[in-house]
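Listed below are the residues making up each chain.
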Amino acid sequence: ICYVAAPRVTTLAELNTVAFLRAVATAFLWPPLMAWMSDITPAPRMPKLLSRYNMSWAAGILVGFAAAGELTQFFGLAAPFH
């Protein structure tokens, strides 16, 4: 919902609110995901799994920002939001 709403807001305050709600949604996802991963993974493998997961998450964020920049250059300011 936040990603759909972001390109349609008209003020910076609305955009900040949407960004805050998106961050809150991610914060609600993180603890249950970590608990689930710890339940299904044997203890000796847990550090390696968490390392891979966090590296994948960070790489995805970096690629996402780069892709958003390229899409903006080619298709206009609203393109990365869609």
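Check the entry above for the structure.
Treat the numbers as computed from the prediction; the structure is a model and nothing was measured.

A. Region of the structure containing the side chain of Thr41. By secondary structure assignment, the location of Thr41 is in the loop between helix H2 (12-40) and helix H3 (46-75). At a separation of 2.8 Å, a polar atom in the side chain of Thr41 contacts the main-chain carbonyl oxygen of Met37. With residues near it in sequence (within four places) discarded, Thr41 still touches Met46 and Leu49.

B. Broad picture of the packing of aromatic side chains. This structure, assessed with the given rule, holds three aromatic pairs. With 4.7 Å between their ring centres and 90° between their planes, Trp30 and Trp57 make a pair best called edge-to-face. Separated by 27 residues along the polypeptide, Trp30 in helix H2 and Trp57 in helix H3 bring together distant segments of the chain. Ring geometry for Tyr53 and Trp57: centres 6.0 Å apart, planes at 45°, overall tilted. Taken together, the positions of Tyr53 and Trp57, both in helix H3 and four residues apart, correspond to about one turn of that helix. Each member of the aromatic cluster is reached from another via a ring pair, and the members are Trp30, Tyr53 and Trp57. The ring centre of Tyr3 lies 4.9 Å from the NZ or CZ of Arg22, which sits over that ring.

C. Representation of a nonpolar patch on the surface in the model. On the surface, Leu29, Trp57, Ile61 and Phe65 cluster together into a nonpolar patch covering about 400 Å² of accessible area. Top element by residues in the nonpolar patch is H3. It accounts for three residues. Residue class for Leu29 comes out partly exposed when judged on its relative accessible area of 42%.

D. Seen up close, the nonpolar core. By size, the foremost hydrophobic cluster in this structure holds five residues: Leu33, Met34, Met37, Met46 and Tyr53. Put simply, the parts of the chain that give this core at least two residues each are H2 and H3. Per-element tally for this core: the top contributor is H2, with three residues.

E. Structural detail: the environment of Ala5. Among the secondary structure elements, Ala5 is positioned in helix H1 (residues 2-5). For Ala5, a relative accessible area of 27% puts it in the partly exposed group. In the structure, Ala5 is positioned 57 residues away from Leu62 in sequence and 22 Å away in space, judged by C-alpha atoms.

Scoring rules and cut-offs
Residues numbered from 1 in each chain as written. Predicted model: local features only at pLDDT ≥ 70, side-chain atom pairs only at ≥ 80, totals over all residues. Heavy atoms only, no water. Helix = DSSP H or I, 4+ residues; strand = E, 2+ residues; numbered from the N terminus. Polar contact = N/O pair within 3.5 Å; in protein donor to acceptor, adjacent residues only side chain to side chain. Contact = heavy atoms within 4.5 Å. Phe/Tyr/Trp six-rings, centres within 6.5 Å; stacked < 30°, edge-to-face > 60°. Lys NZ or Arg CZ within 6 Å of the ring centre and 35° of its normal. Patch = residues over 30% accessible without salt bridge, like charges linked within 9 Å, V, L, I, M, F, W, Y side chains within 5 Å. Areas by Shrake-Rupley, 256 points an atom, 1.4 Å probe, with all protein chains shown as cover. Salt bridge = Lys/Arg side-chain N within 4 Å of Asp/Glu carboxyl O. Buried < 20%, exposed > 50% of the residue type's maximum accessible area, 1.4 Å probe, protein only. Core = buried A, V, L, I, M, F, W, Y, C linked by side-chain atoms within 4.5 Å.

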